[in-house]
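# Structural features, examined
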Amino acid sequence: MSIELSSDYYLLNFNALVKFVASQYGDLISVEEWEFVRRFQLLSTDAAKLFVRLCLRTRVCYFSEQLVYSEISSIDGAIDELKKNEFVLINPIMEGVDLLNVLTKEDLKSLFTDKSIKGSLKKEFLVENILSSYSIKKIYEIIFKTKILVYKNKDKEVEALLHFFFGNRFQNLTEFVLQDLGMVTYEKYVIDKSSRLFSNRLDFEHSLILSQLSEESFLAVEADDFETVVAIEKQIPAVSSNRKKKKQKGKILNRCAAYLEKNKLLEEALLLYQQTDRIPSRERQARILKTLSRKEESIKLCEQILEDSFSEDEKEFAESFLHKLNTNKNKVKTQQPIFKEILILENQNEKSVEQISLEFLQSIYHSVHFVENTLMNSLFGLWFWEEIFAPIQGAFCHPFQFGPLDLFTDDFYQARKSGILIKIDQLKGDPNVVKNNFIKKYETKFGIANHLVYWEMISKEMVEATLACIPLQHIEVIFKRMLLGLKENSSGFPDLIAFAKDLKSYEMIEIKGPGDKLQKNQTRWFEYFKQNQISCRLIHVEWKKNEEF
């Protein structure tokens, strides 16, 4: 059943956003932003609709004939009202190339009819041709003789409202539409002023700057833009102990430092890495210090990591690298190697090695499913649903979250410890009751967004088969390790789950193709499974060689 949106759905959503921000952050909104809100609310319905339509479009300017909306009774009237209220600019001064790019190729050919202009050229070359043949003044004269350019204004105020609401740059008004269309359903959780992302205006402004710099740094690294990468570090504001801002800052510093390190600017990279302890900053520092022949500093840093490591990966690195620094030898592995089976199969180029292996194994088991991280994460998300969406201060700041802001931090467990321990203890209860609770949660929450639950990957039948085949004790043991750090331990699970033909036992199976090997987090899970007698297999696939005659 398709859902039909009202013709003014986008205006209703924008008004809802403005109302929410005014309610939550009224004391932090600037004079300019309040003035924007006041003037927007005084616009006629047509003008308000057109402005929001412009906000939803990707470009900042359009010619009036490109703005066609059947629900707006008078586009010209709306444009005129927006101009009077400075919500749009009309025919502003722009770079010639930017102005020409707003036009279609057919517009360019019809407006610039000089014989020297080759209409057969691709648009980008056609634009270059026009710029070299006409003065900027003449280009403006030709275009604005017959056309009206509408340039969206108030971007700064709109961006501020969006950042107050979402706290990031990757969510926008489309979140409302996805919910309106029923494409995403969000859990209902408590949001109040105690859950605000920003406690003061400076925190907000720093977060907004960091979000912008994060995007700029990503684009600069992708474009190999050395000058921009170097300049970004100088623009990063000094931030408070706010976890979110420290995380934002650390991400930017690590990205820029990695770029400098890749370009052999080790001293410069080290200075950036030293401004954050966000993983993998300390590892990179230790490696650079060794390369720069500052061995003692590298040793000291590794010792600090061992005293207070932020992840298992970081701890393992420090142990191994410290051994290498002290002995000039790689760390001797003390654990027994994980036993691997060899499976010789015929290569089918159109299929992945996991798919080929799954099809082969189907005959051995009742059923085999490709699940990787989705199954155990989903079971975890279902069992701890109430804890995930518990009304913890600062966990929820807007209605479009897939989980609490602290889900993948150490704070998640500590803030909900009592409830989580009760849920862990309940796994030891009557197996039928526990299994029924899992299924009931699946049925009542089906389709509701949750960071850890992969509705498109797990069916009710798979959950039922999983609970029939996997002892609850094993699920409990797995959940306990996940709770030690969801960020790390929600990944690394084997590719496949195989249910025995009698549906009373199971095996988790990791498939590795030729030349592939276990990653660190996968190795840790296999070692943990081995310690806790959890059934798992590591299969290395080799391709059957074609016989030559």
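This text follows the structure it describes.
So, here's what we can say about the structure. (Residues numbered from 1 in each chain as written. Predicted model: local features only at pLDDT ≥ 70, side-chain atom pairs only at ≥ 80, totals over all residues. Heavy atoms only, no water.)

Packed helices, taken two at a time, are described by the angle between their axes plus the distance between the axes. Taken N-terminus to C-terminus, the directions of helix H12 (residues 226–235) and helix H13 (residues 243–262) make an angle of 140°; their axes are 10 Å apart at the nearest point. On the basis of their axis angle, the class for H12 and H13 is oblique. Judged by the twist between their axes, the crossing of H12 over H13 is left-handed. Here H12 contributes Phe226, Val229, Val230, Ile232 and Glu233 to the contact with H13, which in turn contributes Ile252, Leu253, Cys256, Tyr259 and Leu260. (Axes fitted to C-alpha atoms, helices over the stretch in contact; angles between N-to-C directions. Helix = DSSP H or I, 4+ residues; strand = E, 2+ residues; numbered from the N terminus. Parallel < 35°, antiparallel > 145°, perpendicular 65-115°, else oblique. Left-handed = near helix turned anticlockwise from the far one by under 90°. Contact = heavy atoms within 4.5 Å.)

Turning our attention to the pairing of strand S6 (residues 496–499). What you see with S6 is no split at all: Leu496 and Ala498 on one side and Ile497 and Phe499 on the other are buried throughout. Inspection of the sheet shows strand S5 (residues 367–370) paired to S6 by four bridges, in the antiparallel sense. Bridge pairing in S6 places Val368 opposite Ala498. Across four bridges, the pairing between S6 and strand S7 (residues 506–512) is antiparallel. Opposite Phe499, over in S7, you have Tyr506 as the bridge partner. The loop that links S6 with its antiparallel partner S7 comprises six residues; one of these, Leu503, has a positive phi angle of about 55°. (Buried < 20%, exposed > 50% of the residue type's maximum accessible area, 1.4 Å probe, protein only. Pairing = 2+ DSSP bridges.)

Where helix H19 (residues 374–383) contacts helix H23 (residues 431–445), the two axes come as close as 9 Å, and the packing angle between them is 90°. Relative to H23, the element H19 lies roughly perpendicular. Each of Leu379, Leu382 and Trp383 in H19 lies in contact with H23, whose residues at this interface are Val434, Asn437, Phe438, Lys441 and Tyr442. Within the contact of H19 with H23, the residues separate by chemical class into six nonpolar, one polar and one charged. (Nonpolar A, V, L, I, M, F, W, Y, C, P; charged D, E, K, R; others polar.)

On the secondary structure map, Gln248 appears in helix H13. Within the structure, the side chain of Gln248 is placed 3.0 Å from the side chain of Ser211, a separation counted as a polar contact. Discounting chain neighbours no more than four positions away, the residues touching Gln248 are Ser207, Leu210 and Ser211. (Polar contact = N/O pair within 3.5 Å; in protein donor to acceptor, adjacent residues only side chain to side chain.)

What follows covers the packing of aromatic side chains. Throughout the structure, instances matching the rule amount to 40 aromatic pairs. Between Phe380 and Phe384 the ring centres are 4.6 Å apart and the planes differ by 45°, which places this aromatic pair in the tilted class. Overall, Phe380 belongs to the buried group, its relative accessible area being 0%. Site record: aromatic cluster; members linked through ring pairs are Phe20, Phe165, Phe166, Phe176, Tyr186, Phe400 and Phe402. When the ring centre of Trp383 is taken as reference, the NZ or CZ atom of Lys423 above it lies at 5.8 Å. In this structure, Arg481 is placed above the aromatic ring of Tyr528, and the distance from its NZ or CZ to the ring centre is 5.7 Å. (Phe/Tyr/Trp six-rings, centres within 6.5 Å; stacked < 30°, edge-to-face > 60°. Lys NZ or Arg CZ within 6 Å of the ring centre and 35° of its normal.)

This next bit is on the pattern of salt bridges. Taken as a whole and judged by the stated rule, the model has 37 salt bridges. When the shortest N-O distance is used, the salt bridge between Glu387 and Lys423 registers 3.2 Å. Note that Glu387 is positioned in helix H20 (residues 385–388) and Lys423 in helix H22 (residues 417–426), a separation of 36 residues in sequence. On the basis of relative accessible area, Glu387 is assigned to the buried category, the value being 12%. Of the residues examined, Lys423 reaches a relative accessible area of 13% and is grouped as buried. For Glu476, the salt bridge identified is with Lys480, shortest N-O distance 3.1 Å. One end of the pair, Glu476, and the other, Lys480, are both in helix H25 (residues 472–483), four residues apart, so they sit about a helical turn from each other. On the accessibility criterion, Glu476 (8% relative accessible area) is buried. (Salt bridge = Lys/Arg side-chain N within 4 Å of Asp/Glu carboxyl O.)

So, to be careful, I would describe these as geometric facts and stop short of saying anything about function.
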